[in-house]
Structures are given as structure tokens and as C-alpha cells.
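Spelled out, the chains give:
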Amino acid sequence: MMPKPMLEIKNVTMKFGNLVANQDVSFTVNKGEIVSLIGPNGAGKTTLFNCITGFYKPYSGKIIFDGEDITGKTPYYVAKLGLTRTFQIVKPLKDMTVKENILTGAFLRNPVRAQAEKVAQEILEIVHLTDKSDILAGSLTIADKKRLEIGRALATDPKMLMLDEAMAGLNQTEIKEAMDLCLKLRDEGITLLIVEHIMEAIMPISDRVVVLNAGKKIADDVPEKVTNNEEVIKAYLGERYHAKSKKS
Amino acid sequence: MKKSKISPLIIILLVILVLPFIKADINFQHMLIIFLIFAGLGEAWNLITGFAGQTSFGHAAFFGIGAYTSTILFYKFSISPWVGMLVGIAVSTLVAAFVSYPCFKLKGHYFAIATMAIAEITKQLFISWDYVEGATGIMIPIVDESLASMQFHTSKIPYFIIAYCLFVISILIANYIEKNRMGFYLKAIRESNEAAESIGINTTVYKLYAMMVSAALSAAFGTLYAQYILYIDPFMLFSLDISMKIVLLTVLGGLGNIYGPIIGAAILIPLSEYTRIFFGGTGKGIDLIIFGALIVVVACFEPRGILGAFKKKRKVERGAYDAKANA
Ligand SMILES: Nc1ncnc2c1ncn2[C@@H]1O[C@H](COP(=O)(O)OP(=O)(O)OP(=O)(O)O)[C@@H](O)[C@H]1O
Ligand SMILES: [Mg+2]
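As the structure is a prediction and not an experimental result, all values here were calculated from the model.

Enquirer: Could you clarify how one ought to interpret the interface of chain A and chain B in this entry?
Expert: Often the size quoted for an interface is simply the accessible area lost on bringing the parts together. Counting residues at the interface gives 24 residues for chain A and 20 residues for chain B. Both faces considered, chain A and chain B share a buried interface measuring about 2,100 Å² in area, 61% of it formed by carbon and sulfur atoms. When residues of chain A are sorted by the area they lose upon contact with chain B, Y76, F107 and R113 of chain A head the list and together hold 26% of the total. Where E194 of chain B meets K91 of chain A, a salt bridge forms, and the shortest distance between an N and an O atom there is 2.8 Å. At the surface where chain A touches chain B, the tally comes to eight residue pairs in polar contact (both at pLDDT 80 or more).

Enquirer: Whenever I open this one, the sheet that holds strand β10 (residues 216-221) of chain A confuses me. Can you help?
Expert: As a general point, the strands of a sheet are linked pairwise by backbone hydrogen bonds and lie either parallel or antiparallel. Residue and element names in this part refer to chain A. Judged by pairing direction, the sheet is mixed, and its six strands sit side by side in the order β6-β7-β8-β3-β9-β10 without closing on themselves. Every interior strand has two partners, whereas the edge strands, β6 (83-85) and β10, have only one. Sheet twist, expressed as the average angle between the axes of neighbouring strands with direction ignored, equals 15 degrees. Against the sheet, helix α1 (residues 45-52) contacts β3 (34-38), β6, β7 (160-164), β8 (191-195) and β9 (208-213), and its axis sits at roughly 150 degrees relative to β7.

Enquirer: Would you explain helix α7 (residues 181-191) of chain B in this entry?
Expert: Note: α-helices contain 3.6 residues per turn, so residues at a spacing of three or four share the same orientation. Burial of α7 of chain B is extensive: eight of the eleven residues sit out of reach of the surface. Elements in contact with the buried residues of α7 of chain B: α3 (98-106) and α4 (113-126) of chain A together with α2 (26-51), α6 (157-179), α8 (193-198) and α9 (203-229) of chain B.

Enquirer: Honestly, the coordination of the magnesium ion (ligand 2) in this entry has me stumped. Any pointers?
Expert: Each pair of donors in an ideal four-coordinate tetrahedral metal site encloses 109.5 degrees, whereas pairs in an ideal six-coordinate octahedral site enclose 90 or 180 degrees. Residue and element names in this part refer to chain A. Distances from the magnesium ion (ligand 2) to its protein donors, T46 (OG1) and Q88 (OE1), fall within 1.9 to 2.1 Å. With T46 in helix α1 and Q88 in the loop between β6 and α3, this pair connects stretches of sequence that are 42 residues apart. Judged by its relative accessible area of 25%, T46 is partly exposed. Under the relative-accessibility criterion, Q88 is labelled partly exposed at 32%.

Enquirer: Got a minute to help me understand the packing of aromatic side chains in this structure?
Expert: Both the distance between ring centres and the angle between the ring planes are used here to describe each pair of aromatic rings. In the structure shown here, the tally under the stated rule is 16 aromatic pairs over all chains. Ring centres 5.3 Å apart and planes at 50 degrees place the aromatic pair F107 of chain A and F184 of chain B in the tilted group. Residue F107 of chain A is located in the loop between α3 and α4, and its partner F184 of chain B is located in helix α7; the two belong to separate chains. Taken as a pair, F107 of chain A and F184 of chain B share a single burial class, namely buried. One aromatic cluster is present, built from ring pairs that chain together F107 of chain A together with F184, Y185, Y206 and Y209 of chain B. The lysine or arginine in question, K76 of chain B, covers the ring of Y131 of chain B, its NZ or CZ lying 4.0 Å from the ring centre.

Enquirer: Would you mind showing me how to read the site of ligand 1 here?
Expert: Residues and elements named next belong to chain A. Taken together, 14 residues form the shell around ligand 1, and within it N41, K45, T46, T47 and Q88 come nearest. Within the side chain of T47, a nitrogen or oxygen atom sits 2.5 Å from an oxygen atom of ligand 1. Between an oxygen atom of ligand 1 and a side-chain N or O atom of E165, the distance comes to 3.4 Å. Calculation on ligand 1 without its partners gives an accessible area of 630 Å², and the protein chains cover 64% of this total. Put simply, the parts of the chain that give the shell around ligand 1 at least two residues each are β2 (19-30) and α1. Here the shell around ligand 1 gets three residues from one element, more than from any other, and that element is α1. For the shell around ligand 1, the class distribution of residues is five nonpolar, seven polar and two charged.

Enquirer: Looking at this model, I keep getting lost on the sheet that holds strand β5 (residues 68-69) of chain A. Mind explaining?
Expert: All names here are of chain A. Strands sit in the order β2-β1-β4-β5 across an open sheet of four strands; the sheet is antiparallel. Each edge of the open sheet carries a strand with a single partner, namely β2 and β5. Bridge count for strand β1 (residues 5-16) against strand β4 (residues 60-65) is five bridges, and the pairing is antiparallel. Its bridge partner lying in β4, E8 is registered against I64.

Enquirer: I tried to follow the packing of helix α4 (residues 81-103) of chain B against α9 of chain B on my own but got confused; where do I start?
Expert: Each pair of packed helices gets described by two things: the angle between the helix axes and the distance between those axes. All names here are of chain B. At a minimum axis distance of 7 Å, the contact between α4 and α9 shows a crossing angle of 145 degrees. α9 is crossed by α4, and the crossing has right-handed handedness. Contacts between α4 and α9 involve P81, G84, M85, G88, I89, S92, T93, A96, A97, S100 and Y101 from the former and T204, L208, M211, M212, A215, A216, A219, A220, T223, L224 and Q227 from the latter. Taken together, the residues of the contact of α4 with α9 sort by class into 14 nonpolar, eight polar and no charged.

Enquirer: How should I be thinking about the pairing of β8 of chain A in this particular structure?
Expert: In regular strands, side chains alternate between the two faces of the sheet. All names here are of chain A. Within β8, five of the five residues are buried, leaving the element largely enclosed by the surrounding structure. Residues T191, L193 and V195 line one face of β8 and the alternating positions L192 and I194 line the opposite face, and both faces are buried. Pairing between β3 and β8: four bridges, direction parallel. Its bridge partner lying in β8, V35 is registered against L193. The pairing of β7 with β8 spans five bridges and is classified as parallel. If you follow M160 over to β8, its bridge partner there is T191.

Criteria and cut-off values
- Residues numbered from 1 in each chain as written.
- Chains lettered and ligands numbered in written order.
- Predicted model: local features only at pLDDT ≥ 70, side-chain atom pairs only at ≥ 80, totals over all residues.
- Heavy atoms only, no water.
- Contact = heavy atoms within 4.5 Å.
- Buried area = accessible area lost by both parts, 1.4 Å probe.
- Salt bridge = Lys/Arg side-chain N within 4 Å of Asp/Glu carboxyl O.
- Polar contact = N/O pair within 3.5 Å; in protein donor to acceptor, adjacent residues only side chain to side chain.
- Pairing = 2+ DSSP bridges.
- Helix = DSSP H or I, 4+ residues; strand = E, 2+ residues; numbered from the N terminus.
- Axes fitted to C-alpha atoms, helices over the stretch in contact; angles between N-to-C directions.
- Buried < 20%, exposed > 50% of the residue type's maximum accessible area, 1.4 Å probe, protein only.
- Donors = N, O, S within 2.8 Å, 3.2 Å for Na, K, Ca; no water.
- Phe/Tyr/Trp six-rings, centres within 6.5 Å; stacked < 30°, edge-to-face > 60°.
- Lys NZ or Arg CZ within 6 Å of the ring centre and 35° of its normal.
- Near = heavy atom within 4 Å.
- Areas by Shrake-Rupley, 256 points an atom, 1.4 Å probe, with all protein chains shown as cover.
- Nonpolar A, V, L, I, M, F, W, Y, C, P; charged D, E, K, R; others polar.
- Left-handed = near helix turned anticlockwise from the far one by under 90°.

Given below as C-alpha cells:
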């Protein structure tokens, strides 16, 4: 069976004044895949996320989601189409409770409150926040805020979910949970694009890994190949992960 | 565990309803009518500012447009103020849509200043508009008292009933919005515009809806106010004084909550009406001085208003209870 593209990024360039944050980046995420986007700090990962989801209008290039050209479309429109992202710097709706945060996401596909409540309850279970549902989101720990961020995005019932460093700041057990959650979501048919620095977490679950460095794509391959790619090692992975993955 | 919010609301509404009959004093009844009008205006303002987080300092504009529309129709064409009220609502809603759309591009303080400017511009327009008697204002012609003419000369009770109905409608609308999707969307916009957009909320359109509903309600109270006072002029209607009263009473009571404007108006309106009676004239602004001081105190100790303080207390108690249960 031919893989069907969910998200196609075609020659996307994004500039801030003289700074080229994304330079002619192209890659495709197929339906049902988990693709990771990695690269050193300042490589342009978050910028690319912002271009894809309509928060920035790319300088040039095209973005196609599920067959529709979404270049320059507004963020809410992109979300309505079924492409939802989370934020690296979490944006909880602070003065609302955990449940209200998730409920707000659930309203996108369930305009009636009772239905939305049901969906929110399920999502609370999935992200392990049920017992904190009546706490104000602003007073959660950072780990719980990351969970909430994922939960709120999931509540919009997306076809594709984009996570921007959703595992940063989590401990080992929590990272394991997050990995299992990603796999579970993939099995439920959600396509995933994940930005992450924790290699041990994403290499095992990714179907493909795209590497950005200084705004340019330097690799796009299966995890095993990427971890052995000289340029990637030099730019990003460093000897540590390389040595470790060779040993195992 | 979760109590329905409706029950205390119904009690409050019933108490307000019997008050003018228990204390059949003209001054007291007058104060109640003004209380209902301002509590209702607070509810309307709360939608755009308390829920959606877009501070409006210019709500007098919508109130004034409601008052002027029905008055012009009645004064020039003898059209019933009830029809005038509906036309006023329509005009005010349209104006709100047209002027706030560009203003929503402004962030934070700039939006607030723009709304203030809009009220000021509206005032200047009416001052220089001869067809509506400009700065002189309009004395509304006295006709036989009837429901149709929205004029009552022998008792304040009918005015009270109309004010009460409008107030209840405002509460019901605010309550409905708060409990359903729109309320959640407005609060999400207040908390983070970007987060709201990311979960599919068209933030501009929802802010616009909130502004339009808010303007519509404000206009309805404007018509009632004009018919009650039987005189209007641009200075009293489009005044910063009215805009600020709406802001202050809601902030004092508690932003973003349907009880806030009721509590705030229940403190500010008696204060202003009785200082007015006591000091004569417009009360020399003593009410606003006292009220300003109250706001400063509340802002220092509990920025979320009286309701916020109350909620915090309950949370602390609940926290203590949880701690005990865990021990
Ligand atoms: N709004 C902006 N205005 C100007 N420059 C920006 C803006 N956003 C990002 N940049 C710059 O663009 C480059 C890419 O930043 P970006 O945040 O996309 O990197 P990243 O790969 O997400 O990094 P990290 O791993 O630290 O999150 C950086 O040099 C950054 O300073
Ligand atoms: Mg980033």
C-alpha cells in the first residue's frame, strides 16, 4: 500500500529580518506515522511549527495538510481542519480549571456541553489528570502543565498532532508514559510530528526522523540511519548518544 | 459535590423583586431602578471585558445610542419606545460590530483607549448634530401613562418591573453564555489568544459576538433610562462617568462572574444615590471618591474583587479540610 501524505512541507523558508530561521525545508509526514523533528537549539523547529499551524506566514514555500493548501491560513482554521499543535512554552488557560481547559478544546467537535463533558472526561483519563480536574491550571506543576497541553490539543480530536518538546522537564517514568501515549495515539489513527531533545524517548517510537540544523534540513530517514549519519552526529547528536546506540 | 449555580441566583432575584413592595419609599424605589439598570449594564460589560478580557472604557456609547434611538423615534415620529428599543438594539449592535472590528487588532491598553475615544467621538457627534437638538438635549414629550408609551407618572413600580425584566434577561443571557461553549471560548481568549486559536477558536469572531451582545443589552437599558428620566443630552449619556461606573462596579464585585456586577452595583448605586440626596446635585462625586478608595483597597488585597476574596476563602477552607482528610 502506498503511503498517503498527511502533511507536506514544500520548500518552506521563514525569515526574521536578516535571520533565516527556516531555509527551503521540505519533507512529508504520511498518514499514521510518527515523525520526529530534531535539531540543536535555535535550529528553527518551533518556527517551522508556527509556519505550519498558521501562527507565522512563511516567507515562501507551501504547506499542504490532508490535500488542502494551508499556507498562510489562520491558526484556528488549521485546527478546525484537524491539525492541532502544543506549545513549547506551555500556554495553560490559567484562571480556568484543568477540566475547563480540556472542555474548551472538546467544544471544537462537540458544540453541546454535555457531549463535550463526556469527551473531556475521557481525555482527563488518558493524560492522567482526572484527580486534578478541579484545580486551576495556573497552579499545576510543569509536568502536569505539559500533560494539560497535550490533553487540550487531543480534545480537539485532531487527525494530526504536533508536539513541541512535550517531554521536556518530565522524569523517567513520565517520559515512558508519554512514549506509550504517543504509540497509543498512533494506533488510534492520529498522525504525529514530534519535536524533542530526548533522543532515548523518540528514537524508539519514531518511524522517521527529520533533522534541522541552522534552519536547513540535513537528514530525513529512519532512526537507525539518522543516528549513524556523520553530519547529524557532528551537528547535534554528539558522541554521547552515538556511542550509546552503538553499544546497544 | 458540585452545587448548581442557579439556586443562589434565584434567591437574589426573588429578594430584589419583593424589595420595592416591602419598602414603598420613592427614593428607595428610584435607587432600586438605577441599581437594576447599572447591574444590567455591568452584566453586559462583563461579557466583553470580564469574560473575553477586552477592556472597554466606552460602554456609555452603546447605552447612549439606545437612549437616543428610541427618543428620536418617539420625539420625531411618535413611535413607541418599545419599537425604539428594538431599533436601538439593532443600531447599537451594528455600531459595535463596525467600530470594534478594527479595534480588536489593538492589544491591551490600546484597545481600552480606543473604546474610550469611540465614546468621546459619539458624544461630539451628538453635540454637533442639530437634528437631535445637539448639546441642548431632548425633553421627552410627556404623554398618558401606558405600557405602550413606556411612561408612568403615578408610580415607580412599572419602571421597576421593566428594569427588573431587562435585568433578568441580561442575567439569563450572561448565565447561558457562561455555561456554554461561547463562555468557555471567551474565557480562553482572555487567558491566551494563541492557545485559543490553536484549539480552533476564531478569536476575532468570538470577541465580535461578545461585543455585539454586550452592546445590544446596553442599548436596551439606554431606552429604559431615557423613558425613566424623560430627558437626555449627550453629556449625561456619553459621559466617562457612566462608562467608569460600569467598569468600577463590576471590578469591585468580581470580573468574569455573573454575580460580580450584582454585588458591585448593590454597593455603588446606593452609595451614589444617597450621597446625591445628602449632598444635593450630582452628589459632588463623593460617591466616586468613596468608591475609588474601595477599589484601591480591593485591588491591593484581592484583585479579583469581592467575589474573588470570597472564593479564595472557601478554597483555603477546602484546602484545610483536604489536608485533614489526608492526615
Ligand atoms: N519571533 C521571532 N523573531 C525573531 N527571531 C526569532 C523569532 N522566533 C525565533 N527566532 C529565531 O529563529 C531561530 C530559530 O528559533 P526556534 O525557536 O525556531 O528554534 P528551535 O529549533 O525551536 O530551538 P529550541 O530547541 O531552543 O526550542 C533562532 O535563532 C531564534 O532566535
Ligand atoms: Mg523550540
